[in-house]
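Okay, here's what each chain looks like letter by letter:
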Amino acid sequence: MGADHSRAAPPTPPGVRRILIVTVVPLFLATLVAALVLWPRDAPRPEAGDDLPRYHGTVTRVVTEPCPPNPAVPEGTPTTADGPCGTVTVRVQDGPDAGQHVDTPIPAGPGAPSVSVDDDVILVSLIDPEDPAISTYNIAEHQRGTPLIWLGVLFAAAIVAFGRLRGLAALAGLAASFAILLTFVLPGISAGQPPLVVAIVGAALIMFVVLYLTHGVSAQTSVAVLGTLGALVLTGLLGLAATNATHLTGFGSEDATTLSMFRGDVDLHGLLLAGIIIGSLGVLDDVTVTQAAAVTELAHANPNMSRRELYRSATRVGRAHIASVVNTIVLAYAGASLPLLLLLTADSRALGQIVTSEFLAQEIVRSVVATLGLIAAVPLTTALATVVTTAGRRRAGANAAPGAPDDVAVALPRPATDRAETLQALSTPRTRHTPPATRSEWPEPDRSTDTPW
């Protein structure tokens, strides 16, 4: 998340709390009902394939040798037989040959792992179709379980060390997000449910669980929830309009084409929209939580700010945040699509044809729609947070002087002696050594809100 402001916010008035409860609770219940209706009860089970037996092993020796010539290939033609060639001795760790040393050919070909002594590898057992009693081993890939476990431990330890209890809550929220994705979103799409509807419901469910679990049940969190939900709906509508306008089919990647071969009933167009929504959720949470926290902190720092001043100040924070987040989104999509971008450099077609092709237009639509949703989240969340934050201050300022602006927030009732002291302070000329903090705390109605803060 983008911000963690653990300082206790002023208590929210009962009326405002009731409004938030009446607004948020029905939305949460509606999300639960939709999730129960769409829950995948008959999701297809993966068919048992002809997976080869896989065993763990450790490389003990690597012997390289010249590759034999291939008479079927003209001389000078590069082939996978050009190397490396040789044998690898592996000590098998499990399976029927556990503890024995077996010889395997050195892996060769595109994407083949490069092995050396003491490497932990995965072996596959190949059965001779003519004589099932004869089996050989090949190296499929490296074992990655142990490095991934240590990387996960480092990740969790860093979060807990820095965030403490809030870090533990963030880890719990991350686990809840993956649980919802793996038990509801993905099985629901596989079961033939509309991907766009499943993505919106799943994203809303993740939002409710993660935000309240990580940031606690408070008015500030409720404002972030409402802002995120509104931005999610807007992102879905913008994505639907953009994909229809650009006539995207969802077949813009090799993965989608492969999926269509195995699961022809999956709506790839809806899957594209679902990916846009799920991908936007994490950044939306960051923006909305930061804006709600910024409004609370600004109001705490200066309780006498008017509602308009508070909104403008928090919006300036949002502008700076959006400026950096936009670059983050574009670079994230570019980093995930580097092979695609490199492929474009080898394409001989005109630039206009490349940009308008589906595989690149799809990435452009992803970036633009996600950015528009983020931009809309800033004013929406800031406006909601401003109304909620200043509502209690206005009620507390019922004893304000006649003629004061309606949206001026007065944190505490004024004792009668404060007026004389304030007038005396205003009539006293300021000296060069008077610090700025001694100036009057009464807001000036005509003060510009565009000055640096």
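The shown structure was predicted, so the numbers you read here are calculated from the model rather than taken from an experiment.

**Quick look at the overall build of the protein**
Logical step 1: Looking only at helices and strands, the protein features 11 helices and five strands.
Logical step 2: A burial count over the protein gives 35% of its 453 residues as buried.
Logical step 3: Counting contacts in the protein only where the partners sit at least 6 residues apart, residues at least 24 apart contribute 70% of the total.
Logical step 4: Accessible surface computed for the protein: about 26,700 Å², of which carbon and sulfur atoms make up 63%.

**Considerations on the packing of helix H4 (residues 219-245) against helix H6 (residues 268-301)**
Logical step 1: Running from N to C, H4 and H6 point in directions that differ by 150 degrees, and their axes come no closer than 8 Å. The hand of the H4/H6 crossing is right-handed.

**With respect to the pairing of strand S2 (residues 86-92)**
Logical step 1: Among the seven residues of S2, five are classified as buried, and the element is accordingly described as predominantly covered.
Logical step 2: With seven bridges connecting them, strand S1 (residues 54-64) and S2 associate as antiparallel partners. Bridged to Val62 within S2 is Val88.
Logical step 3: Note that S2 and strand S3 (residues 101-105) share five bridges and pair antiparallel. The residue of S3 that forms the bridge with Val88 is Thr104.

**Let's talk about the environment of Pro66**
Logical step 1: As for its placement among the helices and strands, Pro66 is situated in the loop between S1 and S2.
Logical step 2: The exposure class of Pro66 is exposed, given its relative accessible area of 74%.
Logical step 3: Between the alpha carbons of Pro66 and Gly86 there is a distance of 7.6 Å; along the sequence they are 20 residues apart.

**Notes on the sheet that holds strand S5 (residues 135-142)**
Logical step 1: Read across the open sheet, the five strands follow the order S3-S2-S1-S4-S5; overall the sheet is antiparallel. The two strands at the open ends of the sheet, each matched to only one other strand, are S3 and S5. Taking each pair of neighbouring strands and ignoring which way they run, the sheet shows an average axis angle of 45 degrees.

**Comments concerning the pattern of salt bridges**
Think of it this way: side chains of opposite charge can pair up when their charged atoms draw near.
Logical step 1: For the structure on display, the rule yields three salt bridges.
Logical step 2: With a shortest N-O distance of 2.6 Å, Arg54 and Glu141 are connected by a salt bridge. Remark: Glu141 occurs in strand S5 and Arg54 occurs in strand S1; sequence separation between them is 87 residues.
Logical step 3: Of the residues examined, Arg54 reaches a relative accessible area of 47% and is grouped as partly exposed.
Logical step 4: With a shortest N-O distance of 3.8 Å, Glu363 and Arg366 are connected by a salt bridge. With a gap of three residues between them, Glu363 and Arg366 both fall in helix H10 (residues 358-396), about one helical turn apart. For the pair Glu363 and Arg366, one class covers both residues: buried.

**Brief notes about unusual backbone geometry**
Logical step 1: The phi torsion at Arg164 lies on the positive side, around 55 degrees, for a residue other than glycine.
Logical step 2: Take Arg164: it is sitting in helix H2 (residues 145-190).
Logical step 3: Of note in the backbone geometry, His247 takes a positive phi value of approximately 55 degrees without being a glycine.
Logical step 4: Its place among the elements puts His247 in the loop between H4 and helix H5 (254-262).

**Examining H2**
Logical step 1: Here H2 is 46 residues long, yet its end C-alpha atoms lie only 27 Å apart, well below the 68 Å a rise of 1.5 Å per residue gives.
Logical step 2: Considering bend angle alone, the principal kink of H2 is centred on Gly163 and spans about 135 degrees.
Logical step 3: When H2 is considered as a whole, its buried residues turn out to be Gly167, Ala169, Leu171, Gly173, Ala176, Ser177, Ile180, Phe184, Val185, Pro187, Gly188 and Ile189.
Logical step 4: Once H2 finishes, Gly192 follows within two positions and takes phi at roughly 95 degrees, a positive value.

**Quick notes on the nonpolar core**
Logical step 1: Ranked by size, the top nonpolar core spans 57 residues in total, and within it Phe184, Met207, Val287 and Leu374 carry the most contacts.
Logical step 2: Secondary-structure elements contributing two or more residues to this core are helix H1 (14-38), H2, helix H3 (195-215), H4, H6, helix H7 (307-336) and H10.
Logical step 3: No other element matches H3, which puts 13 residues into this core.
Logical step 4: In this structure, Phe184 is in contact with Ala35, Leu38, Trp39, Pro40, Ala179, Val198, Val201 and Gly202, ignoring residues within four places of it in sequence.

**Overview of the packing of H7 against helix H8 (residues 338-345)**
Logical step 1: In contact at an axis separation of 4 Å, H7 and H8 are set at 75 degrees when each is read in the N-to-C sense. Taken together, the axes of H7 and H8 are roughly perpendicular relative to one another. Contacts from Ala334, Gly335 and Ala336 of H7 reach H8 at Leu338, Pro339 and Leu341.
Logical step 2: Looking at the contact of H7 with H8, its residues break down into five nonpolar, one polar and no charged.

**A closer look at the environment of Ala256**
Logical step 1: Turning to its location among the elements, Ala256 is positioned in helix H5.
Logical step 2: Taking the C-alpha atoms as reference points, Ala256 and Val266, 10 residues apart in sequence, are found 9.8 Å from one another.
Logical step 3: Sequence-distant contacts of Ala256, that is, excluding residues within four places in its chain, are made with Gly250, Phe251 and Leu268.

Conventions adopted
- Residues numbered from 1 in each chain as written.
- Predicted model: local features only at pLDDT ≥ 70, side-chain atom pairs only at ≥ 80, totals over all residues.
- Heavy atoms only, no water.
- Helix = DSSP H or I, 4+ residues; strand = E, 2+ residues; numbered from the N terminus.
- Buried < 20%, exposed > 50% of the residue type's maximum accessible area, 1.4 Å probe, protein only.
- Contact = heavy atoms within 4.5 Å.
- Areas by Shrake-Rupley, 256 points an atom, 1.4 Å probe, with all protein chains shown as cover.
- Axes fitted to C-alpha atoms, helices over the stretch in contact; angles between N-to-C directions.
- Left-handed = near helix turned anticlockwise from the far one by under 90°.
- Pairing = 2+ DSSP bridges.
- Salt bridge = Lys/Arg side-chain N within 4 Å of Asp/Glu carboxyl O.
- Expected span 1.5 Å × (residues − 1).
- Bend = angle between axes of the 7 residues up to and from the residue.
- Core = buried A, V, L, I, M, F, W, Y, C linked by side-chain atoms within 4.5 Å.
- Parallel < 35°, antiparallel > 145°, perpendicular 65-115°, else oblique.
- Nonpolar A, V, L, I, M, F, W, Y, C, P; charged D, E, K, R; others polar.

Bear in mind that shape data such as this cannot, by itself, settle questions of function.
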